[in-house]
Every structure is written in C-alpha cells, then in structure tokens.
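# Results of the structural survey
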Amino acid sequence: MIADNRFGYMDHARQALGLIATPFHWLADTPVRVGNSLSELLVSRTDLLEENARLREELLLSRQRLLLAESLSVENNRLLALQNASALLEQEVLPAEIINVSPNPYSRRFLISKGSRDGVFVGQAVLEANGLIGQVVQVMPFTSWVLIITDSSHVTPVEVSRNGERALARGSQDDDTELDLEFVLPTQDIEVGDTLISSGMGLVYPKNYPVAEVISVRRSPDQSYATIKARPMARVSSTRHVMLVLDAGNPGYAAVVEEAAAAAGADEESSLAAVDSPN
Amino acid sequence: MAGLVRFNSLIVSSFIVTGLLAIVPMPQWAMYYRPEWVALVVIYWVINNPERVGIGVAWVVGIIVDALTGSLFGLHALGLALVAYLALRLRLRLRLFSVSRQASVVLVIVGLQLLLIQWLQFLFDLPRGTSMMFLAPAITSALLWPLAWVLLGGIVRSLDLN
C-alpha cells in the first residue's frame, strides 16, 4: 500500500480523503480565525484612521517605486530583446491563506486555502510579500500542501544578485529558520549580506525573486566547500498570506531552459543544474 | 439499540476530537512533544471495548490521520494498527493494572509505534528527526494517559453506556 503510494497510484484516494480532511483543518483553524476577526472587531476608530493613513502613504510610495520599476522593466525587456532572449514578463498571482502547518515537527510544510478547484498544481511556486516561500507538493480539492524552502529535503537554485554567482540553497538540518548553500567552492565570490535571488533553474521557481540573505560565510582550508548560511527573506513562520504564481505558458521559462542548457555545458555549473524537487 | 448508536457516536466523536488535537497548530518547540492523542484513544477503546474498536478500526483511523497530516498513506495506519494489536494482546493484564502502571505500558506501546513510523520514514526517505527526540511524544503520551483514562471513563460512565 505504501509502495503504491510512492508511484502515485493513490492520488485519487488522496484527493477523496483530502476532502474529508478539509473540515478538520477548517475547524482546527477556527480559533485563529475567530481571534483575528475579534481583534478586527475590537479595533478602535482612531487606530483604523491611523492605519488607513499609513497604508495610503505606503501605497503612494509603492506606486512611485512601481513607476520606476516599470520603466526599468521596459528598458530591461528591450535589452533582453537585443540579446535575443525572451523576456520575463510580469507574472499573475493567486492570493491564498495559510490555514494550517504540518503537525510533523521535522517537515516544514503548510496548508493553504486553495486547491485543485482553484487551479493549483503540484510544483507551483509560492511567494510571500518579501520573497519566495516554497512550492506546492500536494493538491487536494480545496486545500494544498506547500513545502517551505527551509525544509531539509528542499533545494532552491539561487544566484547572488550582486554578481550572478550560482548556488543551491538547501533547508538547514539543524536550524529550521536557515538555509545552507551547498557545493560552493571557496573561490566563489559570496559575502555576508549578499542577497540571493531565485535563478530559475530547475524550472520550478520563476527567476529573480528574492530568496534569502547570506548571514555567515566560513571558508576553511581543510574543507573543499565553503560553509555558507542564509536566512530566508520571506517571513516563513509569521505570515498568513501567500501568493501562488500562475506561470502556465510563461515565456520566461523558455529562456530559463535555454540558459540551463547552456550552463550545463560548463563543467562547474553542471552540478548546479540539479532539479529543485522535494526529496 | 439506541445505546449502541450512542456508543458508536461517542467513539466516532472521540476520534474526531483527537484528530483535531493532532493537527491543531502549535509553536515549533511544542510540536516535538505533541502527544499521540489518537494512539491514546485507540488504546483506551481497545482495552475497554475490543469488540468495537480493533486493529481494523485503528487502521482506518490511521488512514484519516495520514490524510489530515498530509503524510504518506499507510504511515499512521500501520502505526495505529500496531498500537491496537499490542493493546489487544495486553488488554486483560492492562485492565488489572493501576493507572500509573498502565502509563508505563503506554510509554512502551507508543514508543514502538513511533519507532515503526521512524523506520518507515527512513525506508521511504521522508523528512524525519535525526536525534532520539522522535521518541519525546511517547513520554508526553504516557504522562497524559491518566487524564485520558479518567476523562474517557468518566464520559462513558456518565452516559451509562456499558
């Protein structure tokens, strides 16, 4: 029976049982939901006004940044067109809410409120306001499980935004809030404070989303690889709202495939073209 | 007849409650100590009403737990079937034990269940603990056994079902 599962024969049963599980998860989530709505109810008028003003200000600021970003992205697209590469277009996202976390303390997963009925599929990238948070690993009719990038079985292909140095970020074995960069040669230029963005290799995550910030780098002569730790940008354990990337037919992926094929030619990068799938 | 229906609905609702307890969100540190509520309830029913709850029921409950926790199908089913089998073998002795001695047996049964699950997780290369911490729920389960025993016994008696 378990063996069946490994080969995916049980997907339909899983879907059906997922349906049974949904009311359980809904019930288990109720205290949090009630708490949230209570705190929304009990908020005072002045607080609301204050928050409103603050949000308006933020909106203005982000509008202004968006304007800049738009002109930059137009310019970027033009440059990419000059280089004969297909551009990464803007991606549409589907908002979802985290309704439960995995009760298994050793696996870092959470349950979101969107399922196959909403068009969620396995392997879909999930974002948070500050960066990448994970990918969908199991889809049920109304809910789906998302594997977080800090899970020790999950590897995210990243690159340093400063210089394009590539690496693989695996969830740390001993600290569930950190990522370890694997197979980084001591000569590679990665420093503390560097921002890691998704490289788009492995074809799961879209390119150029912030993933993590390097917090420690240790190079010792007796080890063939540098020990580098990074902290995810996404507020992995405190957020409740996430976004699913709708990238079906995304032209950016074609560019990524080409790039990955080119990179596989170079001997150093060949090890980095590994797929970022769970397990 | 009505008593039978009521009794079965009590069993079902006890499993629903423990299913909820098994997935209720907890802080990360507390998750390592989350008691195996479902196993406790399975042991209770197997000891007291083996004609109603046996290995088969434990298996089905385990499948539902697997669906709830999003783990590999059959993982908790096998674990709970083992729990039910051990409790079934020991039930006549367990009934005569004091609650604290029962708790020590519960420690062993739940520990064996966790060990089986750990083995299976190793076999299928699933995420699992690398230290002996995976046995911590056995200790909390054993500590909570008296509570489960008194609570469930009290409910059964107050409903006058046996």
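Residues numbered from 1 in each chain as written. Chains lettered and ligands numbered in written order. Predicted model: local features only at pLDDT ≥ 70, side-chain atom pairs only at ≥ 80, totals over all residues. Heavy atoms only, no water.

This part is about the overall build of chain B. Check the secondary structure of chain B and you find seven helices and zero strands. For chain B, the N- to C-terminal ordering of α and β elements is α-α-α-α-α-α-α. By the compact-globule yardstick of 15 Å for 162 residues, chain B fits well, its C-alpha radius of gyration being 15 Å. Projected onto its principal axes, the C-alpha coordinates of chain B cover approximately 45 × 30 × 30 Å. Each of the 162 residues in chain B was classed as buried or not, and the buried ones make up 52%. A separation of at least 24 residues holds for 71% of the contacts in chain B among residues at least 6 apart in sequence. With an accessible surface of roughly 7700 Å², chain B has 72% of that area assigned to carbon and sulfur atoms. (Helix = DSSP H or I, 4+ residues; strand = E, 2+ residues; numbered from the N terminus. Rg over C-alpha atoms; globule rule 2.2 N^0.38 Å. Buried < 20%, exposed > 50% of the residue type's maximum accessible area, 1.4 Å probe, protein only. Contact = heavy atoms within 4.5 Å. Areas by Shrake-Rupley, 256 points an atom, 1.4 Å probe, with all protein chains shown as cover.)

Residues and elements named next belong to chain B. Positionally, R91 belongs in helix α5 (residues 75–96). Buried within the structure, R91 lacks any salt-bridge partner; its nearest side chain of opposite charge belongs to E51, at an N-O separation of 6.1 Å. Look past the residues within four positions of R91 in its chain and what remains in contact with it is V46, I47 and P50. (Lys, Arg positive; Asp, Glu negative; His and termini not counted. Salt bridge = Lys/Arg side-chain N within 4 Å of Asp/Glu carboxyl O.)

Residues and elements named next belong to chain B. Together, L107, V108, L112, I139 and L143 line one region of the surface with nonpolar side chains, adding up to about 460 Å² of accessible area. Only α6 (99–123) and α7 (136–159) provide two or more residues apiece to the nonpolar patch. Here the element with the most residues in the nonpolar patch is α6; it accounts for three residues. In this structure, I139 sits in helix α7. (Patch = residues over 30% accessible without salt bridge, like charges linked within 9 Å, V, L, I, M, F, W, Y side chains within 5 Å.)

Residue and element names in this part refer to chain B. The N-to-C vectors of helix α4 (residues 55–69) and α5 enclose an angle of 150°; their axes lie 7 Å apart at closest approach. Judged on the interaxial angle alone, α5 and α4 are roughly antiparallel. Relative to α5, the crossing made by α4 is right-handed. For the pair formed by α4 and α5, the contact residues are I55, A58, W59, V61, G62, I63, V65, D66 and T69 on the first element and L75, H76, A77, L78, L80, A81, A84, Y85 and L88 on the second. (Axes fitted to C-alpha atoms, helices over the stretch in contact; angles between N-to-C directions. Parallel < 35°, antiparallel > 145°, perpendicular 65-115°, else oblique. Left-handed = near helix turned anticlockwise from the far one by under 90°.)

The next subject is the sheet that holds strand β5 (residues 144–148) of chain A. Residue and element names in this part refer to chain A. The antiparallel closed barrel is built from six strands, whose spatial order is β1-β2-β5-β4-β3-β12. Along the sheet, successive strands turn relative to each other by an average axial angle of 45°, direction set aside. Taken together, the six bridges between strand β1 (residues 92–101) and strand β12 (residues 241–246) define a ladder with antiparallel strand orientation. What sits directly across from L94, in β12, is L244. (Pairing = 2+ DSSP bridges.)

Across the boundary between the two partners, chain B contributes 33 residues, which contact 26 residues of chain A. For the pair chain B and chain A, the two sides together bury roughly 2800 Å², of which 69% comes from carbon and sulfur. Taken together, the links from chain B to chain A amount to four residue pairs in polar contact (both at pLDDT 80 or more). If you list the elements that add at least two residues to the side of chain B that touches chain A, you get α1 (2–23), α2 (28–31), α4, α5 and α6 of chain B. When its residues are assigned to classes, the side of chain B that touches chain A shows 22 nonpolar, eight polar and three charged. (Buried area = accessible area lost by both parts, 1.4 Å probe. Polar contact = N/O pair within 3.5 Å; in protein donor to acceptor, adjacent residues only side chain to side chain. Nonpolar A, V, L, I, M, F, W, Y, C, P; charged D, E, K, R; others polar.)

Residues and elements named next belong to chain A. Taken as a whole, this structure holds 12 salt bridges over all chains when the rule is applied. With its nearest N and O atoms 3.3 Å apart, the salt bridge here joins R54 to E58. Placement of both R54 and E58 in helix α3 (residues 45–82) is noted, with a separation of four residues, approximately one turn of the helix. By relative accessible area, which is 44% here, R54 ends up partly exposed. The exposure class of E58 is partly exposed, given its relative accessible area of 42%. E178 is the partner of R231 in a salt bridge, and the nearest nitrogen-oxygen pair spans 3.3 Å. In this pair, R231 is assigned in strand β11 (residues 227–232) and E178 in the loop between β7 (166–171) and β8 (179–182), connecting sequence segments 53 residues apart. E178 sits in the buried class, given a relative accessible area of 9%. One network of salt bridges, in which partners are shared, links D29, R33, E97 and R240.

Further remarks concern the packing of α5 of chain B against α6 of chain B. Residue and element names in this part refer to chain B. α6 packs onto α5 with a crossing angle of 155° between their chain directions and a minimal axis gap of 9 Å. Here α6 runs roughly antiparallel to α5, going by the angle between their axes. Regarding α5 and α6, the two cross each other, and that crossing is right-handed. Taken together, the residues of α6 that come into contact with α5 (itself represented by L75, H76, L78, G79, L80, L82, V83, L86, A87, L90, L94 and R95) are Q102, V105, I109, L112, Q113, L116, I117, L120 and Q121. Looking at the contact of α5 with α6 residue by residue, the class counts come to 15 nonpolar, five polar and one charged.

Residue and element names in this part refer to chain A. Strands sit in the order β6-β7-β8-β11-β10-β9 around a closed barrel of six strands; the barrel is antiparallel. Shown here is a sheet whose adjacent strand axes are inclined to one another by a mean of 40°, direction ignored. Pairing of strand β6 (residues 155–160) with strand β9 (residues 195–198), which is carried by three bridges, proceeds in the antiparallel orientation. Within the sheet, the bridge partner assigned to V160 lies in β9 and is L196.

Moving on, we come to unusual backbone geometry. Residues and elements named next belong to chain A. The backbone of F183 sits at a positive phi, close to 55°, despite the residue not being glycine. Mapped onto the secondary structure, F183 falls in the loop between β8 and β9. When its relative accessible area of 44% is taken as the criterion, F183 is described as partly exposed. Backbone geometry places N208, a non-glycine residue, at a positive phi of 70°. Inspection of the secondary structure assignment puts N208 in the loop between β9 and β10 (210–218).

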